[in-house]
Amino acid sequence: MRRDMRRRICALLALVLTWTVAGRAHAQAVDDGSSLRIYLMTVEPGSEIWEKFGHDALWIIDSATGERVSYNYGIFDFAQPHFIPNFLRGRMLYSMGEAPRSVDAELAYYASFNRTIVVQELNLTPAQKRDLRDFLAWNNLPENTSYRYDYFRDNCATRIRDAIDRATGGQLRSALTARDAGTTYRWQARRMMAAEVPVGTFDVGPLAYTGIELGLGNPVDHPLNAWDDSFLPMQLMEHVRHVDVRGPDGADAPLVLEERVLYQSDRAPVAAEPPNRTGVHLLIGLIIGGILLAAGWLAASYRAARVAFGVVGFLWSLVAGVFGLIIMLLWAVTDHTATYRNENVLQLNVLSLVLAVLVLTALFGRARRTAFRVAAAVAGLAVLGFVLQIMPEFDQFNGEIIALALPAHLGLLGGMVYLTGYKVSSRRDGLGAEPAVRV
């Protein structure tokens, strides 16, 4: 009896041992990455201004556990402490969110906003897939999830790009840095911002486009390689199509195994090239300048012309001065490195704020000499900014802004010449004019 019991106990122990070894082997097989599939998901730009550059994520699908999760680096929160001050200073925090979103929920979310969704399955080894999954999970921990956002050099696309590069042992970066993209950060920003930006029933796209042109400085005009050009999700999607990586056998194979469109929107496609709005801006500048020149010329004879000169001159100078102040502050006191060394400060500067006041005082015969001199200084700086374009050090692409600002400043100066050059009619109108300024 005892011998039979010992046999049963030994058999049971052997069975438990077998189960344990088999379980460990199964767990090891599941965790070696062989059950994982990795997808780069890319979403086309949306309607909101912060959606104009598109979005992307990495999908991790585990056939062994049924897990289907999506990691992305594009989460920001308007309600976070000091959001507006941090945004203005260039210290905005983005994150991966509190937890990865399910693949199905993410697919449904972007499809509900009518945005095309493309997925590319990445050709990684099981070990690379496992390491990428573990890295994303580690990066999504509360102490690691947030990062200092930079529109061009550290955003949702560059973080995804860097994660893939890390998984491939640097092969992605090596392939992309060797390839010239034929673009610049400004070129791409102008292209993406050429679309409509609806706010209610209005399209503020042209204003947003011009605002970005005003704010971006010289650093965004340098040629990009394909690695830097991948700051845009759609460009990263395009560039990985043409990358080969070494497999375990040492042979090269495409990084993208398969590409599928999971949802196709009916939106207009993103422009292949940025628009050239120099002609439109020049026309606006000529209209403003022409009104100021004509109003100044007629101001001696017509009160309505003097009023028109004062109103248009004040508004133009106010707008130019406010934007000049913004340009200066972006360069001097923020961490927005893309706005540094901005040559637009010669086209729009804070002197125009002073001129806005002087335009009004000059109408009533006060400080006309000062008004003329400030107008001459503002116009002279704009001319200097135009002439300096021949110098190789001044290679900022700001022709559209010059086309807008220079004619308006020259028209204001010309109108000021007429306004400050008459004597009789101004006295007859009771304006108490100063002696004419000699020009």
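It should be emphasised that the depicted structure is a prediction, and the values quoted were computed from it without experimental measurement.

Criteria and thresholds
- Residues numbered from 1 in each chain as written.
- Predicted model: local features only at pLDDT ≥ 70, side-chain atom pairs only at ≥ 80, totals over all residues.
- Heavy atoms only, no water.
- Helix = DSSP H or I, 4+ residues; strand = E, 2+ residues; numbered from the N terminus.
- Buried < 20%, exposed > 50% of the residue type's maximum accessible area, 1.4 Å probe, protein only.
- Polar contact = N/O pair within 3.5 Å; in protein donor to acceptor, adjacent residues only side chain to side chain.
- Contact = heavy atoms within 4.5 Å.
- Salt bridge = Lys/Arg side-chain N within 4 Å of Asp/Glu carboxyl O.
- Patch = residues over 30% accessible without salt bridge, like charges linked within 9 Å, V, L, I, M, F, W, Y side chains within 5 Å.
- Areas by Shrake-Rupley, 256 points an atom, 1.4 Å probe, with all protein chains shown as cover.
- Core = buried A, V, L, I, M, F, W, Y, C linked by side-chain atoms within 4.5 Å.
- Phe/Tyr/Trp six-rings, centres within 6.5 Å; stacked < 30°, edge-to-face > 60°.
- Lys NZ or Arg CZ within 6 Å of the ring centre and 35° of its normal.
- Pairing = 2+ DSSP bridges.
- Axes fitted to C-alpha atoms, helices over the stretch in contact; angles between N-to-C directions.
- Expected span 1.5 Å × (residues − 1).
- Parallel < 35°, antiparallel > 145°, perpendicular 65-115°, else oblique.
- Left-handed = near helix turned anticlockwise from the far one by under 90°.
- Nonpolar A, V, L, I, M, F, W, Y, C, P; charged D, E, K, R; others polar.

1. Quick notes on the side chain of N342
Then, number 1: Within the element layout of this structure, N342 appears in the loop between α12 (303-333) and α13 (351-363).
Then, number 2: Looking at N342, the relative accessible area reads 1%, which means it is buried.
Then, number 3: Within polar-contact distance, the side chain of N342 engages the side chain of Q396 at 3.0 Å.
Then, number 4: Ignoring any residue separated from it by four or fewer positions in sequence, one finds N342 in contact with L214, G215, L216, G217, N218, I327, W331 and Q396.

2. Observations concerning the pattern of salt bridges
Then, number 1: Under the counting rule described, the total for this entry stands at 17 salt bridges.
Then, number 2: Close ionic contact of D221 with R186 constitutes a salt bridge, the shortest N to O distance being 2.7 Å. Pair noted here: D221 is in the loop between α8 (205-215) and β11 (224-225) and R186 is in helix α7 (residues 185-192), with a separation of 35 residues, a long-range link. Per residue, the accessibility class of D221 equals that of R186, and both read buried.
Then, number 3: Where E259 meets R241, a salt bridge forms, and the shortest distance between an N and an O atom there is 2.7 Å. One end of the pair, E259, is in strand β14 (residues 256-263); the other, R241, is in the loop between α10 (233-240) and β12 (244-246), with 18 residues separating them in the sequence.

3. Concerning a nonpolar patch on the surface
Then, number 1: Residues V383, F386, V387, I390, M391 and L410 make up a contiguous nonpolar surface patch of roughly 550 Å² in combined accessible area.
Then, number 2: In terms of residue count, helix α14 (residues 368-387) provides more of the nonpolar patch than any other element does, 3 residues in total.
Then, number 3: As for its placement among the helices and strands, I390 is situated in the loop between α14 and α15 (399-420).
Then, number 4: By relative accessible area, which is 70% here, I390 ends up exposed.

4. A short note on the nonpolar core
Then, number 1: Membership of the largest hydrophobic core comes to 34 residues, with the highest contact counts inside it found for L58, Y73, L122, L132, L136, L172 and L255.
Then, number 2: Listing elements by their share of this core, those giving two or more residues are β1 (36-43), β2 (55-62), β3 (68-71), α4 (126-139), α5 (156-167), α6 (171-177), α9 (226-229) and α10.
Then, number 3: By residue number, the principal contributor to this core is α5, which donates 5 residues.
Then, number 4: Counting 28 residues, the second-largest nonpolar core is a separate cluster that includes A299, I327, F372 and A379.

5. Examining the packing of aromatic side chains
Then, number 1: According to the stated counting rule, one finds 15 aromatic pairs in the structure shown.
Then, number 2: Taking 6.1 Å as the distance between ring centres and 20° as the angle between the ring planes, the aromatic pair formed by F76 and F83 counts as stacked.
Then, number 3: Overall, F76 belongs to the partly exposed group, its relative accessible area being 23%.
Then, number 4: F83 gets classed as buried once you look at its relative accessible area, which sits at 7%.
Then, number 5: An aromatic cluster is built from W50, Y73, F76, F83, F87, Y94, Y147, Y149 and Y151, whose rings are joined through pairwise contacts.
Then, number 6: One residue, R101, lies across the ring of Y109, its end atom 4.8 Å from the ring centre.
Then, number 7: Lying over the aromatic face of Y209, R277 brings its terminal NZ or CZ to 4.3 Å of the ring centre.

6. Considerations on the sheet that holds β3
Then, number 1: Spatial ordering of the open sheet is given by β5-β3-β2-β1-β6-β14, a layout of 6 strands whose pairing is antiparallel. Of all strands in the sheet, those bounded by a partner on one side alone are β5 (101-102) and β14.
Then, number 2: Relative to β3, β2 is paired through 4 bridges, and the arrangement is antiparallel. Bridging from a neighbouring strand, W59 pairs with S70 of β3.
Then, number 3: Across the sheet, α10 is in contact with β1, β2, β6 (117-122) and β14; its angle to β1 comes to roughly 130°.

7. Here we look at α12
Then, number 1: In this model, α12 (31 residues) spans 44 Å end to end at C-alpha, consistent with the 45 Å of a helix rising 1.5 Å per residue.
Then, number 2: Those residues of α12 not exposed but buried are A305, R306, F309, G310, G313, W316, S317, A320, G321, G324, I327 and L330.
Then, number 3: For α12, the secondary structure elements touched by its buried residues are α8, α11 (278-298), α13 and α15.

8. What to know about the packing of α12 against α15
Then, number 1: Look at α12 against α15: their axes get within 11 Å of each other, and the N-to-C directions meet at 140°. The angle between α12 and α15 places the two elements in the oblique class. Pair α12 / α15 crosses with left-handed handedness. Contact residues: F309, G313, W316, S317 and A320 in α12; L404, A405, A408, H409, L412, G415, M416 and L419 in α15.
Then, number 2: Partitioned by chemical class, the residues of the contact of α12 with α15 number 9 nonpolar, 4 polar and no charged.

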